[in-house]
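A closer look at the structure
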Amino acid sequence: MLDVAVIEEPAAAEASLDPMRSRILAALAEPGSAAALAGRLELPRQKVNYHLKALERHGLVELAEERRKGNVTERVYRATAASYVISPSALAAVSPDPSRAPDQLSARWLLALGARLVQEVGALVTGGARARRRVATFGIDAEVRFASAADRAAFADDLTRAVTALVSRYHDEHAAQGRSHRVVVGLHQIPTTTHETARETANVTPHETASEARRED
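Now for a quick tour of the structure.

Definitions and limits used
Residues numbered from 1 in each chain as written. Predicted model: local features only at pLDDT ≥ 70, side-chain atom pairs only at ≥ 80, totals over all residues. Heavy atoms only, no water. Helix = DSSP H or I, 4+ residues; strand = E, 2+ residues; numbered from the N terminus. Buried < 20%, exposed > 50% of the residue type's maximum accessible area, 1.4 Å probe, protein only. Contact = heavy atoms within 4.5 Å. Areas by Shrake-Rupley, 256 points an atom, 1.4 Å probe, with all protein chains shown as cover. Pairing = 2+ DSSP bridges. Axes fitted to C-alpha atoms, helices over the stretch in contact; angles between N-to-C directions. Core = buried A, V, L, I, M, F, W, Y, C linked by side-chain atoms within 4.5 Å. Arc of directions from axis to C-beta. Polar contact = N/O pair within 3.5 Å; in protein donor to acceptor, adjacent residues only side chain to side chain.

Let us now look at the overall build of the chain. On a plain count of helices and strands, the chain comes out with eight helices and five strands. Starting at the N terminus and ending at the C terminus, the chain contains elements arranged as β-α-α-β-α-α-β-β-β-α-α-α-α. The buried share among the 217 residues of the chain stands at 22%. Within the chain, counting contacts between residues at least 6 apart in sequence, those at least 24 apart form 59% of the total. Of the roughly 16,000 Å² of accessible surface on the chain, 52% is carried by carbon and sulfur atoms.

Moving on: the sheet that holds strand β3 (residues 61–69). As summarised here, the arrangement of the three strands in space is β2-β4-β3, forming an open sheet in which the pairing is antiparallel. Across the chains shown, the open sheet's two edge strands, defined by having one partner strand only, are β2 (32–33) and β3. Pairing analysis gives two bridges linking β2 to strand β4 (residues 72–79), with the strands arranged antiparallel. Its bridge partner lying in β4, serine 33 is registered against valine 76. Sitting on the sheet, helix α4 (residues 45–57) is in contact with β3 and β4, with an inclination near 130° to β3.

Moving on: the side chain of serine 16. As for its placement among the helices and strands, serine 16 is situated in helix α1 (residues 10–17). Among the residues examined, serine 16 registers a relative accessible area of 11% and is labelled buried.

Ile24, Leu28, Leu37, Val48 and Leu52 are the most contacted members of the largest nonpolar core, which totals 21 residues. Those elements that place two or more of their residues in this core are α1, α2 (19–27), α3 (34–41), α4 and β4. Considering each element in turn, this core owes the most residues, four residues, to α3. Apart from the residues lying within four places of it in its own chain, the contact partners of valine 48 are Ala34, Leu37, Ala38 and Leu43.

With eight bridges connecting them, β3 and β4 associate as antiparallel partners. Each bridged residue has a counterpart across the sheet, and for glutamate 65 the counterpart in β4 is valine 76. Connecting β3 to the antiparallel partner β4 that follows it, the hairpin turn spans two residues, and glycine 70 within it adopts a positive phi of roughly 65°.

Turning next to α3. The complete set of buried residues in α3 reads Ala34, Leu37, Ala38 and Leu41. Taken end-on, α3 shows its buried residues confined to a sector of 100°, consistent with a single buried face. Those residues of α3 that are buried are in contact with α2, β2, α4 and β4. The positive-phi residue at the C-terminal boundary of α3 is glutamate 42, with phi of around 55°.

So, about the side chain of threonine 80. Inspection of the secondary structure assignment puts threonine 80 in the loop between β4 and β5 (81–86). Within polar-contact distance, the side chain of threonine 80 engages the backbone oxygen of glycine 59 at 3.2 Å. Beyond its immediate chain neighbours, meaning those up to four positions away, threonine 80 contacts Met1, Leu2, Gly59, Leu60, Val61 and Glu62.

Attention now moves to unusual backbone geometry. Of note, the phi angle at alanine 92 is positive, near 55°, even though the residue is not glycine. Here alanine 92 is to be found in the loop between β5 and α5 (107–131). Despite not being glycine, arginine 132 shows a phi value in the positive range, around 55°. Tracing the chain through its elements places arginine 132 in the loop between α5 and α6 (149–170).

Structure follows, in structure tokens:
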């Protein structure tokens, strides 16, 4: 079982979002038969079998083993992953495109960048799994608490200069055997509760915050 699997097909995404099938996927973190699932989820076995076939058809569950019980063969299934991510590619023409309106101070543009990250890394993970090859990636996750909007703006400026310098140092447009990589850096407030986040951001846009920080400098 994979830690995370990427769902790229619209039909598979639809299947995974069905509430009943989502429950079955969660239950199949541990292998189980249709009969066992029916008892655990308090559902008719026929209905469980129907959903299992749909999930198997879309590659979300797989056959773990077959057990002989007298004249009957019991099929035991398991989920193909512990968790799933739906790629924006499943949305086809309406998937986010960060090239449409680049804006470093826009939260929606940051979302579009994140969506492209999921789509591209998801495609790499899927391809790597098929080829049985590890995908070369790198990630950093950190938390920083700013004392003021001015500090946040100064941090963003310093970060921009550092990343620009690193890209300039290592980028080689003429490397014959080189491979292009994408660098994505984002900064956002960590949500607490929905009420608190709404209260804190209700009257402040990213542009206003940045302007305020520049004035404070």
